[in-house]
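A look at the structure
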Amino acid sequence: MLLKIVPPLASNFAAQNDQLFILITILVGVWFIAAEAMFFWLIFRFRARPNVATQYITGKEKHLHRWVSWPHFLILVCDVVIIIAAVQLWVRVKQTLPAADRTVRVVAQQWAWTFTDPGADGVLDTPDDVRTTDELHLLLNKRYHFLLESKDVLHSFFVPSFRLKQDAIPGRIYTGWFETTRAGTYDILCAEICGIGHGVMGAKLVVEGEAEHATWLQRHAHDAALAALNTVNTAPADTASTPAAPATAGAH
Ligand SMILES: [Cu+2]
């Protein structure tokens, strides 16, 4: 079996993210190898030998000093290249918010994810919204906004295949974005230690075409209607005490 080291690229900025990592790895790696090679060569070259006097070198001589100043200067140039590439990606992903085709709500809590899809009308907070726990369905080749909240402590919304990670802070709503570019089933993880269940705070992400998404929406609308009916039948007195989310929670 082929070992899958790198998750697939499933969002519009995933490739740019990996390019940045490769750039950093190469630039840092070249200097790491150069420094270690020099280090061990010097140890070997100037090892203790009989009848050879130890040299006392201050490093201030011009022909020695440039062995420090030139690498120093070149490493600073590499730093600037890395900073420019990193800021470009940061601005694209975190500092800009292009208009979205659809908006989903993502709520983190100890230790589950709850998602609200805007439903057939594409508008959040309308009766046809679909709420799910630990499963998010998205349309392929669409630009999404996500409204990220936490009900309790710090969490972090981590979608490795999107190369997307965003902290969720209680009391705040964070708006972020991405474009889905590849159909499939992916992982959603929590990337911020949030208690004993942190390690199992995963969810499933399904990126699918229009037809599959419509089927999924219909199935959930049907289930939600059924659940609401059951709640009314079995416990009519309870409806007053639970003003927010009605009966869909936990069913899926
Ligand atoms: Cu968490």
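All values derive from a computational prediction rather than experimental measurement. (Residues numbered from 1 in each chain as written. Predicted model: local features only at pLDDT ≥ 70, side-chain atom pairs only at ≥ 80, totals over all residues. Heavy atoms only, no water.)

Here we take up the overall build of the protein chain. Looking only at helices and strands, one finds 3 helices and 10 strands in the protein chain. Expressed as a percentage of the 252 residues in the protein chain, the buried residues total 29%. For the protein chain, restricting intrachain contacts to residue pairs at least 6 apart in sequence, the fraction spanning at least 24 positions comes to 67%. When the accessible surface of the protein chain is split by element, carbon and sulfur atoms take 65% of a total near 16,100 Å². (Helix = DSSP H or I, 4+ residues; strand = E, 2+ residues; numbered from the N terminus. Buried < 20%, exposed > 50% of the residue type's maximum accessible area, 1.4 Å probe, protein only. Contact = heavy atoms within 4.5 Å. Areas by Shrake-Rupley, 256 points an atom, 1.4 Å probe, with all protein chains shown as cover.)

With the rule as written, the count across this model stands at 9 aromatic pairs. Measuring from ring centre to ring centre gives 5.5 Å for Phe146 and Phe157, while their planes differ by 55 degrees; the resulting arrangement is tilted. Taken as a pair, Phe146 in strand β5 (residues 143-150) and Phe157 in strand β6 (residues 155-159) lie far apart in primary sequence, 11 residues in all. For Phe146, a relative accessible area of 1% translates into the label buried. (Phe/Tyr/Trp six-rings, centres within 6.5 Å; stacked < 30°, edge-to-face > 60°.)

What follows concerns the pairing of β5. Among the 8 residues in β5, 6 count as buried, and that is most of the element. In terms of strand pairing, strand β1 (residues 102-109) meets β5 through 7 bridges, oriented parallel. In the strand pairing of β5, Arg105 is matched with Leu147. As judged from the 6 bridges shared by β5 and strand β8 (residues 174-179), these two strands associate in the antiparallel manner. Following the sheet pairing, Phe146 is matched in β8 by Gly176. (Pairing = 2+ DSSP bridges.)

So, on to the pattern of salt bridges. Per the stated rule, a full pass over the model turns up 6 salt bridges. Of the charged contacts, one joins Asp117 and Arg102 as a salt bridge, the two residues approaching to 2.8 Å between their closest N and O atoms. One end of the pair, Asp117, is in strand β2 (residues 112-117); the other, Arg102, is in strand β1, with 15 residues separating them in the sequence. The class of Arg102 is buried, set by a relative accessible area of 11%. Its salt-bridge partner being Arg105, residue Glu149 comes within 3.3 Å of it at the nearest N-O pair. One end of the pair, Glu149, is in strand β5; the other, Arg105, is in strand β1, with 44 residues separating them in the sequence. Among the ionic contacts, a cluster of salt bridges with common partners joins Arg105, Asp125 and Glu149. (Salt bridge = Lys/Arg side-chain N within 4 Å of Asp/Glu carboxyl O.)

Below, the discussion takes up helix α2 (residues 62-95). Between its first and last C-alpha atoms α2 spans 46 Å; for 34 residues at 1.5 Å apiece the expected length is 50 Å, and the two agree. Every buried residue belonging to α2 is among Cys78, Ile82, Ala85, Leu89 and Val93, and all of these are buried. Where α2 is buried, its residues meet α1 (14-45) and β8. (Expected span 1.5 Å × (residues − 1).)

Successive residues of a regular strand alternate their side chains across the two faces of the sheet. Going residue by residue along strand β3 (residues 130-133), you find Val130 and Thr132 tucked away on one face and Arg131 and Thr133 left uncovered on the opposite face. Two elements, β2 and β3, share 4 bridges in a ladder whose sense is antiparallel. Bridge assignment links Thr114 to a residue of β3, and that residue is Thr133.

Let us look at the environment of Pro118. Relative to the helices and strands, Pro118 is located in the loop between β2 and β3. In this structure Pro118 comes out as buried when scored by relative accessible area, which is 0%. Placed 14 residues apart in sequence, Pro118 and Val104 show a C-alpha to C-alpha distance of 6.4 Å. Not counting chain neighbours up to four residues away, the residues in contact with Pro118 comprise Arg102, Thr103, Val104, Val123, Leu124, Thr126, Asp128 and Asp129.

Further remarks concern the coordination of the copper ion. In this structure, His155 (ND1), Cys190 (SG), Cys194 (SG) and Met201 (SD) serve as the protein donors to the copper ion, at separations of 2.0 to 2.6 Å. If you look at the copper ion, its 4 donor atoms make angles of 96 to 123 degrees with each other, and the shape they trace is tetrahedral. Donor residues for the copper ion sit on one chain with the sequence pattern H-x34-C-x3-C-x6-M. Taken together, the residues span a long stretch of sequence, with His155 in strand β6 and Cys190 in strand β9 (residues 184-190) at a distance of 35 residues. (Donors = N, O, S within 2.8 Å, 3.2 Å for Na, K, Ca; no water. Tetrahedral: all angles 85-135°; square planar, octahedral: opposite > 155°, others 65-115°.)

Spatial relationships are all this shows, so hold off on functional conclusions.
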